[in-house]
Amino acid sequence: MTAQQQKGFLLSRNWRDTPEGIELEFWFATDDGPLCALVRGERSVFFLPLSQEAAARDLLAGDPDLEIKPLSLRDFDRQPVLAFYHRSYRRARALADRLREAGLDPLEADINPADRYLMERFVAGGAKLTGEVRSRGGQLWMDNPVIRGNDYRPALRVVSFDIETAMEGLQLYSIAVHGCDADAEERRVFMLGDGADQPWVQTVASQDALLQAFLDWVAHYDPDVLIGWNVINFDTWYLQRVADHAGGRLLLGRGRRPVHWRQLDDEGERRSVQCPGRVILDGIDLLRAAFFRFESFSLENVAREMLGEGKLIHGSDRGGEIGRLFAEDKGALAAYNLQDCELVSRIFAHTDLLDFAIARSTMTGLNMDRLGGSVASFDNLYLPRLHREGYVAPNASKAQTASPGGFVLDSQPGIYDHVLVLDFKSLYPSIIRTFRIDPLGLALGSDPALSERDTVPGFLDARFAREGHILPELIEQLWARRDAAKASGDQPLSQAIKIIMNSFYGVLGSPGCRFFDPRLASSITRRGHQILTRTRDYIENAGHRVIYGDTDSVFVWIHEATDDAEAEQAGRALEVALNHWWREELAREFALDSALELEFETHYRRFLMPTIRGSDKGSKKRYAGVVRRHDRDELVFKGLETVRTDWTRLARDFQEELYRRVFLEEPFEDYV
């Protein structure tokens, strides 16, 4: 049969050991519906330095499913390695553990075969599949297709769901669903017992029947994505407990497959869930991942702030009121339950959260429902490029030398007119690009065959090869993609790329990263300290005064400015002069092209840098000021009580009004 092509977006991945080898299962959303791709007969692989071959063969002799092959790849000591292939991933992990216990050093043994398969083919979200397509049970299937990365973006079918329960015991009252796609809107509430007469309410006689009605509806409507509020650790986990109580399984996956749970903390309070063929996304977790900030992440508060509308039941005894409605007014309970679903749908639409999740997946190679995972994201981006350069990754270093954090200049307390903030755009990624900071570059830079002019100095005696590095070019590519996303108005993609780029420093400074080396992180942060200090010196030699600095920003008092225009002109001039000066300095000192980019970011018409309580020293990371936006003055607070949720609303309102009066030179004594 002629091979066919399908473009899809990855929803879930899984692997399983079989007698015939490892089987990989990938579910995709396609224009023609859900597609499951099965890749059979795969093998697991890890690597070992060639110098340890004899000891390894003695330890692992007699395993008929193990193949050991020499490769052209090298480790970070620039020595050749062997590949250890096995038909079982679990068995391969056990063999690697045996080698490790004997003092040998198996490399990349922790990468599961599904992740390795995708990363080596540069599959991050979108994919192109080539092979025979079959239809089974209303879904598409492909056996052993050829899978490659692709920029396909899906139109996903999304359902918001929410449950209502008794406050005590295990008792479901109702489950509401709200689905939107290009064709229609779906609104439904499954209610235990009679009493609600809305046309979108379906009544059932028992708790088990309530759960089954919901699962049947999901199987029929067949969403790609399920969303909700605390939907994993409350709603889905509660439904799992109901299924357990009934002696069944929670069959939320495609093809009525059960979900799989993983505990994320010792107390069992936080869990992740894998749903074969679908994705379950929690609105709270996604908002936090996208760096939204709220005083409270309750659905009521977020909906009020974003949509100007909230839940239908308010007050401190909401649980008691839900119980009363279940007993006395099921119609009102159904409306309340459905409203929660619709609020979640509208928040996702308002914030482009689904687009952010998709964009994040395309950048990291992780599933949409895998939040956090900065180390895994870095592996997905770096490892396939490393292998193509002819190297395998090391295991994490045992060294625990901490790198210094962001540099903070001493502040000069006082009230000022015309303070400018000059900010280095993505300072740490810029430093990585400029100074060639890179794990492979560090390994190559230690080669005694290289002369000093072939390397760039770092800190803690680090030297980075000028050629053969990976991370600087990777950041340059991401930077260009972000600029293109911003130019096209694709804010979710722009935000996802920014978060990924800014995570690289933290990853390289984390002992959980296989590339962790104190020289890497210190060469970033200490260079940042140097850049901030020299920038301050340049500005002060130009006749201005730097009153504060923090990591990537300097605060400059333009004391000679008589009005806004004069201050802003000085800011633009400093931006141009400093960028030119840094280009010249880096070319002269290191023969490097500067990727540093300083921006005149903010003009504070009035600015307060307070003292530390009980001291005459200036505080750090705490200030307030007045900026002009949209033809009106706005107060901006950083680190002060007015932006802290652990202070009362009264204290915060008082501080905001007091500062407003001080800045505008209005009387404040009587107010106090």
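Chemist: Quick rundown of the overall build of the protein? Include the residues and the values.
Modeler: Helix and strand counts for the protein come out as 18 helices and 27 strands. Over its C-alpha atoms the protein spans a radius of gyration of 29 Å, differing by no more than 12% from the 26 Å that the globule rule assigns to 672 residues. With the C-alpha coordinates of the protein rotated into their principal frame, the extents come out at 75 × 75 × 45 Å. The buried share of the protein, reckoned over its 672 residues, is 53%. About 30,300 Å² of surface is accessible on the protein, with carbon and sulfur atoms providing 46% of the total.

Chemist: Go over the sheet that holds strand 3 (residues 33-42), please, and point to the residues and values.
Modeler: Sheet strands line up and pair through hydrogen bonds in the backbone, either parallel or antiparallel. What the seven strands build is an open sheet, ordered 8-9-3-2-1-7-10; its pairing is mixed. Looking at strand neighbours, the two that pair on one side only are strand 8 (133-136) and strand 10 (146-149), the edges of this open sheet. Averaged over all pairs of adjacent strands, the angle between strand axes in this sheet comes to 40°, irrespective of strand direction. As defined by bridge partners, strand 1 (residues 4-18) adjoins strand 2 (residues 21-30) across 10 bridges and the pair is classed as antiparallel. By the bridge assignment, Arg 13 is partnered in strand 2 with Phe 26.

Chemist: Summarise unusual backbone geometry; cite the residues concerned and give the values.
Modeler: A negative phi angle is the norm for most residues apart from glycine, just as the trans form is the norm for most peptide bonds. For His 418, which is not glycine, the phi dihedral falls at a positive 60°. Here His 418 shows up in strand 20 (residues 414-424). The class for His 418 is buried, based on a relative accessible area of 9%. Non-glycine residue Asp 461 carries a positive phi angle of around 70°. Among the structural elements, Asp 461 can be located in the loop between strand 21 (455-457) and strand 22 (463-465). By relative accessible area, Asp 461 is classed as exposed at 76%.

Chemist: Lay out the side chain of Asp 63 with the relevant residues and their values.
Modeler: Among the structural elements, Asp 63 can be located in the loop between helix 1 (53-60) and strand 5 (66-74). Only 3.0 Å separates the side chain of Asp 63 from the backbone nitrogen of Asp 65, close enough to count as a polar contact. For Asp 63, the residues in contact, after removing those within four places along its chain, are His 86, Arg 91 and Leu 95.

Chemist: Let's hear about the sheet that holds strand 18 (residues 279-282): which residues, and what values?
Modeler: The strand order across the open sheet formed by six strands is 14-13-12-11-15-18, and the pairing between neighbours is mixed. A strand with exactly one partner marks an edge of an open sheet, and here the two such strands are strand 14 (201-204) and strand 18. Between one strand axis and the next, the sheet turns through 20° on average, direction left out of account. Pairing of strand 11 (residues 158-165) with strand 15 (residues 225-228) involves three bridges; the strand directions are parallel. Note that in strand 15 the partner of Val 159 across the bridge is Leu 226.

Chemist: So what about the packing of aromatic side chains? Which residues, and what values?
Modeler: Counted according to the given criterion, the structure contains 28 aromatic pairs. Their ring planes at 10° and their centres at 4.8 Å tell us that Trp 217 and Tyr 221 sit as a pair that is stacked. Linking Trp 217 with Tyr 221, this pair stays in helix 4 (residues 207-221), spanning four residues, or about one helical turn. The two residues Trp 217 and Tyr 221 agree in class, both being buried. Look at Phe 555 and Phe 607: their rings are 5.8 Å apart centre to centre, the planes differ by 40°, and that puts the pair in the tilted class. Here Phe 555, found in strand 24 (residues 553-557), pairs with Phe 607, found in strand 25 (residues 598-609); they are 52 residues apart in sequence, far enough to count as distant. Comparing Phe 555 with Phe 607, the two get one shared label, buried. Of the aromatic side chains, those joined through ring pairs into one cluster are Phe 76, Phe 378, Tyr 382, Phe 504 and Phe 515. Sitting above the plane of the Trp 141 ring, Arg 136 keeps its charged end 3.9 Å from the centroid.

About the criteria used
Residues numbered from 1 in each chain as written. Predicted model: local features only at pLDDT ≥ 70, side-chain atom pairs only at ≥ 80, totals over all residues. Heavy atoms only, no water. Helix = DSSP H or I, 4+ residues; strand = E, 2+ residues; numbered from the N terminus. Rg over C-alpha atoms; globule rule 2.2 N^0.38 Å. Buried < 20%, exposed > 50% of the residue type's maximum accessible area, 1.4 Å probe, protein only. Areas by Shrake-Rupley, 256 points an atom, 1.4 Å probe, with all protein chains shown as cover. Pairing = 2+ DSSP bridges. Axes fitted to C-alpha atoms, helices over the stretch in contact; angles between N-to-C directions. Polar contact = N/O pair within 3.5 Å; in protein donor to acceptor, adjacent residues only side chain to side chain. Contact = heavy atoms within 4.5 Å. Phe/Tyr/Trp six-rings, centres within 6.5 Å; stacked < 30°, edge-to-face > 60°. Lys NZ or Arg CZ within 6 Å of the ring centre and 35° of its normal.

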